[in-house]
2 protein chains.
Amino acid sequence: MFAERITRLTPSLVREILAVTQRPEVISFAGGLPAEDALFRPDPALIQGIPDGVWQYGQSEGEWRLRELVAARAAAMGLACSAEQVLILNGSQQGIDLVAKLMVEPGTPVLVEAPAYLAALQAFGLFGAEFQPFTVDPATGPDWSGLGFAAHRARLCYLTPTFQNPSGYCYSAAERDRAATLLDAGQGVVFEDDPYRDLAYDGAAPTPLVARLDRARWVYQGSFSKTLAPGLRLGYLIAHPELVVPLTRLKQAADLHSNRLSQHIVASVLEAGVLDAHVAGNLPGYRARRDAMAASLARHFGDTVRWAVPAGGLFFWVKLPQGVDSMALMRAALAEDVAVMPGVAFYPTGAQQEGWLRLNFSHASAARIDEGLAKLAALVDLQLRQVA
Amino acid sequence: MFAERITRLTPSLVREILAVTQRPEVISFAGGLPAEDALFRPDPALIQGIPDGVWQYGQSEGEWRLRELVAARAAAMGLACSAEQVLILNGSQQGIDLVAKLMVEPGTPVLVEAPAYLAALQAFGLFGAEFQPFTVDPATGPDWSGLGFAAHRARLCYLTPTFQNPSGYCYSAAERDRAATLLDAGQGVVFEDDPYRDLAYDGAAPTPLVARLDRARWVYQGSFSKTLAPGLRLGYLIAHPELVVPLTRLKQAADLHSNRLSQHIVASVLEAGVLDAHVAGNLPGYRARRDAMAASLARHFGDTVRWAVPAGGLFFWVKLPQGVDSMALMRAALAEDVAVMPGVAFYPTGAQQEGWLRLNFSHASAARIDEGLAKLAALVDLQLRQVA
């Protein structure tokens with residue numbers, strides 16, 4: 001009785017696990033939440049100065065002032081664009097919904113990284129995407145043989161080249177160039193999701209991949225959830241000129257326009273030049289927690305697991321030893337009040353899966369991180385002894 | 001190269017016309033905007049008291065406190081439900097997108113009123129709905145022969161029984177009962193859109209239609225755009241228990257969750273009992289403008305056009321004399337700085353169309369209403385003389 005797509009509507013494992021992590025005794029490595037003390041709280045004066053127009057209906061594209069500010073920021077990071085190409089979103093998850101509507105119908109081949117952002121796989125999957133995964137291994141980078149539209153007749157390529165969720169991987173400038181060349185050779189749309197760019201702990205990330213394209217059409221998107229506050233639910237996309245009109249109409253059909261109060265707050269923050277200072281103020285704390293997790297991983301796991309220190313973002317991507325099942329480990333850990341995300345959730349159907357864990361380092365304190373990883377290491381040892 | 005649904009993505013005539021009406025010299029009857037002086041501006045103290053949790057990620061279903069308050073309001077209007085059945089939306093347009101995703105795929109028969117809310121027709125149409133229209137004439141009510149799932153094998157029935165946009169029609173209690181009985185006999189989902197209920201100028205509207213169903217599954221939705229402020233982008237749906245989980249997952253895939261700042265503001269307003277007083281304060285002004293438009297219509301048109309005084313909502317639905325083309329009239333009026341919505345935009349494909357205009361009375365002053373209608377009447381006369 002429902003539309004056929006509802007058979008493809010999977011519950012989000014993330015949210016099921018997050019529900020459990022509401023209990024204060026749980027040490028959670030499962031979510032992707034910014035640290036509480038990193039959240040931006042607008043100055044009351046800023047909110048009091050809300051212009052009257054904010055309360056009325058607004059433009060589907062978003063407030064012009066905010067679109068201009070976003071375009072200027074994009075230009076500064078090497079993605080030249082006009083404000084007309086900017087569409088303001090209720091968070092960047094909405095951009096995935098809009099691009100899925102634009103491009104995906106049952107059976108549409110979609111190139112995705114393996115692993116990839118879970119909620120993007122769900123949104124594209126809902127519309128019937130047939131995933132064509134290419135592996136991105138944190139140690140060796142993208143599997144070039146799988147990247148390119150032609151081999152798969154793919155219509156869309158979704159990727160997160162900068163501090164990816166979950167793998168933390170960041171494409172080098174040379175890898176971005178190579179990927180752009182491969183994608184330029186096809187007919188598909190390149191969709192770069194870039195929510196973690198500003199959370200860079202060891203130097204700035206290279207210019208976006210889509211800025212290196214010569215002829216392929218593209219959509220780039222960013223978010224203010226990781227830099228300011230998720231509760232504002234504000235993100236944006238920037239699109240190739242040919243895609244702006246249909247995406248705007250899809251936005252209009254989806255919810256008329258984005259929240260104007262949040263748009264006013266974020267525009268004011270950008271205009272005042274406060275965003276960069278806020279992010280810069282948060283980086284030392286995030287870097288310290290990242291380094292604390294790296295130290296605790298080394299201390300408790302030794303050589304048992306494989307991982308790389310992520311240069312940005314919010315996650316470690318940890319390869320489990322052969323024989324350890326990530327779902328079973330997740331359940332065992334939950335029973336001891338430690339929440340982790342099993343890697344299997346981030347693999348598109350059809351991708352070769354291995355045993356990985358995604359560990360968030362931004363939310364727990366260094367002491368809690370150490371405590372949680374000690375428990376986790378003991379559980380991995382237990383599983384290994386049971387296998388042996 | 002796009003998904004096939006993009007061929008069905010029509011531009012919104014409303015928004016194209018609204019773009020023109022930005023010019024201050026234009027007298028606009030085209031939009032559906034609340035009056036500027038009716039918009040709710042939150043007390044700065046309310047906004048300053050924003051709890052810290054608001055800035056973090058939230059629940060896809062919405063804030064529990066707001067869901068409880070919405071459920072209590074629904075119970076007070078005769079729709080008994082639990083807070084678990086409430087899903088908070090980024091404006092009620094999003095509810096249409098979610099229900100379309102839940103129910104509609106290419107070829108799905110969808111029962112709709114003729115005329116019907118334009119942006120609902122667009123959203124259902126995007127997903128491939130095959131409309132099965134039944135006429136609702138402001139003078140004679142619903143065409144009962146067309147209402148019911150069985151005859152059309154329809155899976156979904158979308159209706160706006162209370163002060164409809166565009167027709168202003170309000171189903172009587174007996175008509176709601178009769179419609180509920182007919183719809184109960186089928187297998188489809190009943191979707192009642194109810195954004196105008198609180199804008200009642202001649203007494204309260206009857207209990208919602210879905211509250212009269214015995215066995216059919218249903219979705220009811222309301223909005224805070226018309227009672228508080230559209231810029232908050234906040235609405236809600238209440239769903240039959242069997243539909244809550246899939247709708248929540250669709251919401252999650254669409255944008256994770258709704259804006260928490262707006263949710264906090266609206267919950268505080270509801271908790272303080274301020275909403276009803278705010279609406280009550282606005283009603284005399286709206287009623288006066290409605291009566292001014294009725295008087296001006298009588299003054300300038302005499303018996304040339306047919307209309308009923310709407311008992312609520314924001315629109316008059318005016319039947320043009322035979323031979324007057326509503327699109328041509330719209331263009332001629334725009335050339336004289338008067339904006340109207342041609343009725344044809346509100347007819348689903350397959351519906352018998354007649355010459356109607358939708359006239360909004362909430363945005364222009366009484367003097368401007370009179371001035372605009374005088375011009376419009378002259379243009380109708382001109383068209384009639386050209387026909388003769």
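Rules used throughout
Residues numbered from 1 in each chain as written. Chains lettered and ligands numbered in written order. Predicted model: local features only at pLDDT ≥ 70, side-chain atom pairs only at ≥ 80, totals over all residues. Helix = DSSP H or I, 4+ residues; strand = E, 2+ residues; numbered from the N terminus. Rg over C-alpha atoms; globule rule 2.2 N^0.38 Å. Contact = placed C-beta atoms within 7 Å. Nonpolar A, V, L, I, M, F, W, Y, C, P; charged D, E, K, R; others polar. Least-squares fit on C-alpha atoms with pLDDT ≥ 70 in both. Domains from an automatic or database assignment. Buried ≥ 20, exposed ≤ 12 C-beta atoms within 10 Å, placed from the backbone. Pairing = 2+ DSSP bridges. Right-handed = clockwise from strand over helix to strand, strands pointing away. pLDDT = per-residue confidence, 0-100. Axes fitted to C-alpha atoms, helices over the stretch in contact; angles between N-to-C directions. Parallel < 35°, antiparallel > 145°, perpendicular 65-115°, else oblique. Left-handed = near helix turned anticlockwise from the far one by under 90°. Core = buried A, V, L, I, M, F, W, Y, C linked by C-beta atoms within 7 Å. Expected span 1.5 Å × (residues − 1). Arc of directions from axis to C-beta.

Visitor: Please explain the overall build of chain A as it appears in this structure.
Guide: Scanning chain A for helices and strands turns up 11 helices and 13 strands. The C-alpha radius of gyration of chain A comes to 21 Å, within 12% of the 21 Å expected for a compact globule of 388 residues. Its C-alpha atoms give chain A principal-axis dimensions of roughly 65 × 55 × 50 Å.

Visitor: What is the right way to look at the interface of chain B and chain A in this model?
Guide: A common way to report how large an interface is uses the accessible area buried once the components associate. Each partner contributes to the interface: chain B provides 59 residues, whereas chain A provides 59 residues. Those elements giving two or more residues to the side of chain B that touches chain A turn out to be α2 (44-48), α4 (93-103), α5 (118-126), α7 (241-255) and α8 (260-271) of chain B. A per-element tally of the side of chain B that touches chain A places α7(B) first, with 7 residues. Grouping the constituent residues of the side of chain B that touches chain A by class yields 29 nonpolar, 17 polar and 13 charged.

Visitor: What should I look at first to understand the relation of the copies chain B and chain A in this one?
Guide: Turning one copy of the chain about an axis and sliding it along that axis gives the other copy, so a rotation and a shift relate them. Laying chain B over chain A is done by rotating through 180° and shifting 0.0 Å along the axis; what remains is an RMSD of 0.0 Å. Seen this way, the second copy is the image of the first under a two-fold rotation axis. Most of the interface of chain B is mirrored in chain A, where 100% of its interface residues again form contacts.

Visitor: What is the right way to look at the domain arrangement of chain A in this model?
Guide: All names here are of chain A. Here chain A is described as being made up of domain 1 (4-40 + 282-387) and domain 2 (52-274). Centre-to-centre separation of domain 1 and domain 2, based on C-alpha positions: 25 Å. Contributing elements (two or more residues each) for the side of domain 1 that touches domain 2: α9 (274-301) and β10 (315-319). Grouping the constituent residues of the side of domain 1 that touches domain 2 by class yields 19 nonpolar, 8 polar and 5 charged.

Visitor: What exactly am I supposed to notice about the pairing of strand β7 (residues 189-193) of chain B here?
Guide: Within a regular beta strand, the side chains point alternately toward one face of the sheet and then the other, so they alternate between its two faces. Residue and element names in this part refer to chain B. With 5 of 5 residues buried, β7 is to be regarded as a mostly interior element. Alternating positions in β7 separate into two faces, V189, F191 and D193 on one and V190 and E192 on the other, with burial throughout. As paired strands, strand β6 (residues 156-159) and β7 are joined by 4 bridges and run parallel to one another. In the sheet register, L156 faces β7, and the bridge partner there is V189. Note on the crossover from β6 through helix α6 (residues 173-184) to β7: the handedness is right-handed. Sheet topology places β7 next to strand β8 (residues 217-223); 5 bridges connect them, and they run parallel. Bridge pairing links F191 to V219 in β8.

Visitor: Mind showing me how you'd approach the confidence of the model for chain A here?
Guide: As a general rule, the predicted coordinates of low-pLDDT regions are not to be interpreted in detail. For chain A, per-residue confidence averages 93 on the pLDDT scale, and residues scoring 70 or more make up 99% of the total. Scored by ipTM, the complex comes to 0.95, with pTM at 0.96.

Visitor: Even after reading the chapter, I still don't get the packing of helix α9 (residues 274-301) of chain B against helix α11 (residues 366-387) of chain B, so can you show me in this structure?
Guide: When two helices pack together, you describe them by how their axes are tilted relative to each other and by the distance separating the axes. Residues and elements named next belong to chain B. Where α9 contacts α11, the two axes come as close as 9 Å, and the packing angle between them is 30°. Overall, the two elements α9 and α11 adopt an arrangement that is roughly parallel. You can see that α9 and α11 cross each other, and the crossing is right-handed. Residues R289, A292, M293, S296, L297, H300 and F301 of α9 form the contact with α11, whose own contacting residues are A366, I369, D370, L373, A374 and A377. For the contact of α9 with α11, a count of residues per class yields 9 nonpolar, 2 polar and 2 charged.

Visitor: Just to check I follow, could you spell out the nonpolar core for this structure?
Guide: For soluble globular proteins, nonpolar side chains are generally found buried alongside one another. Residues A:V340 and B:V340 are the most contacted members of the largest nonpolar core, which totals 250 residues. In contact with B:V340, not counting residues within four places along its chain, are B:F29, B:A30, B:M330, B:A333, B:L357, B:L359 and B:L376.

Visitor: Honestly, the sheet that holds β10(A) in this entry has me stumped. Any pointers?
Guide: Working definition: the strands of a sheet are paired by backbone hydrogen bonds and lie parallel or antiparallel to each other. Residues and elements named next belong to chain A. The strand order across the open sheet formed by 3 strands is β10-β13-β12, and the pairing between neighbours is antiparallel. At either end of the open sheet lies a strand with only one pairing partner, and these are β10 and β12 (341-342). Looking at chain direction, β10 and strand β13 (residues 356-360) are connected through 5 bridges and run antiparallel. Across the sheet, the residue bridging to V318 is L357, located in β13.

Visitor: Help me understand the packing of helix α4 (residues 93-103) of chain A against helix α5 (residues 118-126) of chain A in this model?
Guide: Residue and element names in this part refer to chain A. At a closest axis distance of 9 Å, the pairing of α4 and α5 adopts a crossing angle of 30°. As the angle between them shows, α4 and α5 are arranged roughly parallel. The interaxial crossing formed by α4 with α5 has right-handed handedness. In this structure, α4 uses Q93, I96, D97 and A100 to contact α5, whose residues at the interface are A119, A120, A123 and F124. Tallied by class, residues from the contact of α4 with α5 come to 6 nonpolar, 1 polar and 1 charged.

Visitor: Would you explain α7(B) in this entry?
Guide: Given 3.6 residues per turn, any residue in an α-helix points the same way as the ones three and four places further on. All names here are of chain B. With 15 residues, α7 extends 22 Å from end C-alpha to end C-alpha; this agrees with the ideal 21 Å at 1.5 Å per step. Three or more residues of α7 are buried, namely L243, L247, T248, R249, L250, K251, Q252, A253, A254 and D255. At the C-terminal side of α7, L256 shows a positive phi close to 70°.

Visitor: Whenever I open this one, the sheet that holds strand β5 (residues 141-142) of chain B confuses me. Can you help?
Guide: Residue and element names in this part refer to chain B. The strand order β2-β9-β8-β7-β6-β3-β4-β5 describes an open sheet built from 8 strands, whose pairing is mixed. The sheet is open, and its two borders are formed by β2 (86-89) and β5, each paired with just one other strand. Together, β2 and β9 (235-239) form the strand contacts of helix α3 (residues 64-76), whose direction differs from that of β2 by roughly 115°. Strands in contact with α4 are β2, β6, β7, β8 and β9; relative to β9, the strand with the most contacts, it is inclined by about 35°.

Visitor: Help me out: how do you make sense of the environment of B:A3 in this one?
Guide: Mapped onto the secondary structure, B:A3 falls in the segment before α1 (13-20). For the pair B:A3 and B:D291, spaced 288 residues apart in sequence, the C-alpha separation works out to 47 Å. Ignoring sequence-local partners within four residues, the contact set of B:A3 consists of A:K101, A:L102, A:M103, A:V104, A:E105 and A:T108.

Visitor: Got a minute to help me understand α6(B) in this structure?
Guide: Residue and element names in this part refer to chain B. The terminal C-alpha atoms of α6 lie 16 Å apart, and with 12 residues this matches the ideal 16 Å at 1.5 Å per residue to within 8%. Considered for burial, the residues of α6 that qualify are R176, A179, A180 and L183. Projected down its long axis, α6 carries its buried residues within an arc of 100°, all on one side. Each element contacted by the buried residues of α6 is listed here: β5, β6 and β7.

Visitor: Just to check I follow, could you spell out the pairing of β6(B) for this structure?
Guide: Residues and elements named next belong to chain B. Here β6 shows no split at all, with L156 and Y158 on one side and C157 and L159 on the other all buried. As paired strands, strand β3 (residues 109-114) and β6 are joined by 3 bridges and run parallel to one another. Residue pairing across strands places V112 opposite Y158, the latter belonging to β6.

Visitor: Any chance you could explain unusual backbone geometry here in plain terms?
Guide: When glycine is set aside, most residues are seen to have a negative phi, and most peptide bonds are trans. Residues and elements named next belong to chain A. Cis rather than trans, the peptide bond between A114 and P115 has omega equal to 5°. Looking at where P115 falls in the secondary structure, it is placed in the loop between β3 (109-114) and α5. Here the phi dihedral of R233 falls at roughly 45°; this positive angle occurs in a residue that is not glycine. Considering the arrangement of structural elements, one finds R233 in the loop between β8 (217-223) and β9 (235-239). Assessed through the 31 C-beta atoms surrounding it within 10 Å, R233 is described here as buried. Located in the positive-phi region is L256, a residue other than glycine, with phi close to 70°.

Visitor: Just checking my understanding: could you explain the environment of A:S326 for this structure?
Guide: All names here are of chain A. Tracing the backbone through its elements, the reader meets S326 in helix α10 (residues 326-335). Once the C-alpha coordinates of S326 and P42 are considered, the two residues, 284 residues apart in sequence, prove to be 40 Å apart. When sequence neighbours within four positions are dropped, the list of residues in contact with S326 reads L320, P342, G343, V344, G355, W356 and L357.

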